[in-house]
Amino acid sequence: MDEANVARRGLSPRLWLAGGWLLLALLAAIFAPLIAPQDPLAQDLMLERLPPFWLDGAEPGYWLGTDSLGRDLLSRLIFGGRIAFIVAFAAATSACLLGSALGLIAGYFGGWPDRIISRIVDVWMAFPPVLFAILLVAVLGTGLSSVILAIAIIDWTRFCRVIRAEAMSQARMDYVESARIAGYGRVGIMLREVLPNVLPSVVALLSLEMGIAVIVEAILSFVNLSISTDDPTWGSIIAEGRLSIHQAWWVLVFPLITLILTVLSFTQFGEALKARFDPVLR
Amino acid sequence: MSACLDIRGLSAVLPNGQRVLRSVSLSVQPGEVRALVGESGAGKTMIGKAVLGVLPKSVRIVEGEMLIEGEDLGRLDPKARRTLIGARTALIPQDPLTALNPSRRIGPQMTDRLVRILGWSTETADQRIRQLLDEVQIRDPERVLKSYPHELSGGMRQRVLIAAAFAAEPRLIVADEPTTALDVTVQKQILRLIAQLQRDHGTAILFVTHDLGVVAKISQKVSVLYAGKVVEEADSSALFANPQHPYTRALMAATPRYTDPFASLKPVDESVLAGLAAEIAAADQAWRPGHG
Ligand SMILES: Nc1ncnc2c1ncn2[C@@H]1O[C@H](COP(=O)(O)OP(=O)(O)O)[C@@H](O)[C@H]1O
Ligand SMILES: [Mg+2]
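### Comments concerning the sheet that holds strand 2 (residues 19-28) of chain B
Residues and elements named next belong to chain B.
No. 1: Pairing within the open sheet is antiparallel, and its 4 strands lie in the order 2-1-4-5. The sheet terminates laterally at strand 2 and strand 5 (71-72), the two strands that pair on one side only.
No. 2: Of the strand pairs in this sheet, strand 1 (residues 5-13) and strand 4 (residues 60-68) are connected by 7 bridges, and their pairing is antiparallel. Residue pairing in the sheet places Ser11 in a bridge with Glu63 of strand 4.

See the structure below:
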């Protein structure tokens, strides 16, 4: 049994592919100044719209080509990853902490705490999320921290709903009752007995939420509501690429591929982690 | 000497006013096994939960007393009641899978209570658990202690839970159909183990079952429950030799091994049930809490 488990775990290609891409992108973002071949902001009109390396007219050192201002696309994508990951981690973690805590309390205690929390969630979910985000950023002002705050404020309900349902079904299990009989307090049971059993879902949702945060940030910078336009973000690069799609398709295609790969990896990584964390599925 | 468990005139109702327990009285003397037998839905589990202080929120006790070793649970504040129940009682549950926390290994799960609630040292708790695993005839304690619940068979899980129940030397154990969820082949072994540990430790057990065959094997005393009402109470041997109440007789007739072991399981006789239902309806008409 143990050996089979090890084999199955070691061979989960989903986990390694997704985790590999995320690690690569993360390391590139962290060490962007060392890795990026060019200055992502340096414009050079002599070098505008260079194609990627395998096409005629490519210049060495500009692997994925340049945009219409002659800025190196690869360097811009690498630096854009910094903002994507900062937003992903900060926003998803905040949404996760708030939503999971409330969901755990609502699901485990039931009664009036559950009624209050569920009512708030219902009201929250009545707002369309993208409009909600644009509205919030308009109110909070553009900037990295308001984007993070907006995503957290909108998406904590996603955690709250799922964790509430799971905590509720765990709370009905006999092991919770046995803990009561043995003399454990309610808060202790919630944290020591129930929380570990909902943790795999929290982890999967957290990873999924990071992917969502990356997309939302991209959408917000696409409509120019994210951070200042100087710093490259994947969304702003996509927005620029859209304008020059006929002259330089690569400026649109590469950031899109990067974005999609990253979002997919986050969701797949979450699912794979859940399967690995969960003692029953494992 | 006061009884280990003494339930006096316990009644409980659902929110719609329906009675689930009807002036139940029963006692378990120290070191004695009392069987609580009745069909599914009779309220056996409710009685166990009432004693252990884990009734569902929807069920309300409207009259009666419960005493554990002479201490009236109703007179204790909630915290003192929890402490008393935690220190003197334990449960052997019906479903050994959901009664273990799926995400914690067996070892820590078993010692945790001794250490955190009862304040034992880790070493003492560890030794104690190993000793109990030996008593329930688990041959490879190392593997079991390191396992997650789903990695063990149903019988192994129930052994673990029996060991856990006896570990802190409770005075009273509530065993709620502890063999019902198990394979037939394992049921006998588990029953024998419970009887063995009960004798060795001298623990009183309230043994809940729907199976008269089990009653004969394990208990000295029996209470027969029907629709939340104790209809007959007797020494086990006397009950089988000479059942008094028509419902008890019907229940025996419905249990094949006491008549013809090859007969298929018959439902309890309709006319007996109809008579009982009428009797209970009449009693409910006349009943008011505090005057029952
Ligand atoms: N959580 C609950 N809330 C309300 N009624 C319940 C609940 N659980 C069981 N009951 C009802 O209480 C009665 C006794 O149930 P139970 O004690 O589980 O019976 P037994 O253990 O003898 O099979 C049944 O009629 C059942 O429908
Ligand atoms: Mg039951």
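What follows continues from the structure just given.
### Section: the site of ligand 1
All names here are of chain B.
No. 1: Taken together, Leu14, Val20, Glu39, Ser40, Gly41, Ala42, Gly43, Lys44, Thr45, Met46, Pro56 and Ser58 are the residues near ligand 1.
No. 2: Gly41 is positioned with one of its backbone polar atoms (N or O) 2.6 Å from an oxygen atom of ligand 1.
No. 3: The backbone of Gly43 places a nitrogen or oxygen atom 3.0 Å from an oxygen atom of ligand 1.
No. 4: With 3 residues, the single largest contributor to the shell around ligand 1 is helix 1 (residues 44-52).

### A word on the environment of Gly65(A)
Residues and elements named next belong to chain A.
No. 1: Checked against the element boundaries, Gly65 lands in the loop between helix 3 (32-35) and helix 4 (73-109).
No. 2: What makes Gly65 buried here is its relative accessible area of 0%.
No. 3: Here the alpha-carbon distance between Gly65 and Arg49, two residues 16 residues apart in the chain, equals 6.7 Å.
No. 4: If we skip the residues at most four places from it in the chain, Gly65 touches Leu50, Pro51, Pro52, Arg71, Asp72, Leu73 and Trp250.

### A few points about the pairing of strand 9 (residues 221-226) of chain B
Residue and element names in this part refer to chain B.
No. 1: In terms of burial, strand 9 is a largely internal element, 5 of the 6 residues being buried.
No. 2: In terms of strand pairing, strand 3 (residues 33-37) meets strand 9 through 4 bridges, oriented parallel. Paired with Arg34 across the bridge in strand 9 is Lys221.
No. 3: Note that strand 9 and strand 10 (residues 229-235) share 6 bridges and pair antiparallel. When the bridges of strand 10 are listed, Ser223 appears paired with Glu233.
No. 4: Remark: 2 residues form the turn of the hairpin made by strand 9 and strand 10, two consecutive strands paired antiparallel; Ala227 in that turn has positive phi of roughly 45 degrees.

### Some words on the pattern of salt bridges
No. 1: This structure, assessed with the given rule, holds 25 salt bridges over all chains.
No. 2: Here Arg8(B) ties to Asp6(B) by a salt bridge, and the two come within 3.1 Å at their closest N and O atoms.
No. 3: For Arg8(B), a relative accessible area of 40% puts it in the partly exposed group.
No. 4: Judged by relative accessible area, Asp6(B) falls into the buried class, the value being 18%.
No. 5: A salt bridge links Arg130(B) to Glu142(B), with the nearest nitrogen and oxygen atoms 2.4 Å apart. Residue Arg130(B) is located in helix 4 (residues 122-135), and its partner Glu142(B) is located in helix 5 (residues 141-146); the two are separated by 12 residues in the primary sequence.
No. 6: A single network of salt bridges, built from pairs that share partners, joins Arg192(A), Glu193(A), Arg104(B), Asp112(B) and Arg116(B).

The rules we used
- Residues numbered from 1 in each chain as written.
- Chains lettered and ligands numbered in written order.
- Predicted model: local features only at pLDDT ≥ 70, side-chain atom pairs only at ≥ 80, totals over all residues.
- Heavy atoms only, no water.
- Pairing = 2+ DSSP bridges.
- Helix = DSSP H or I, 4+ residues; strand = E, 2+ residues; numbered from the N terminus.
- Near = heavy atom within 4 Å.
- Polar contact = N/O pair within 3.5 Å; in protein donor to acceptor, adjacent residues only side chain to side chain.
- Buried < 20%, exposed > 50% of the residue type's maximum accessible area, 1.4 Å probe, protein only.
- Contact = heavy atoms within 4.5 Å.
- Salt bridge = Lys/Arg side-chain N within 4 Å of Asp/Glu carboxyl O.

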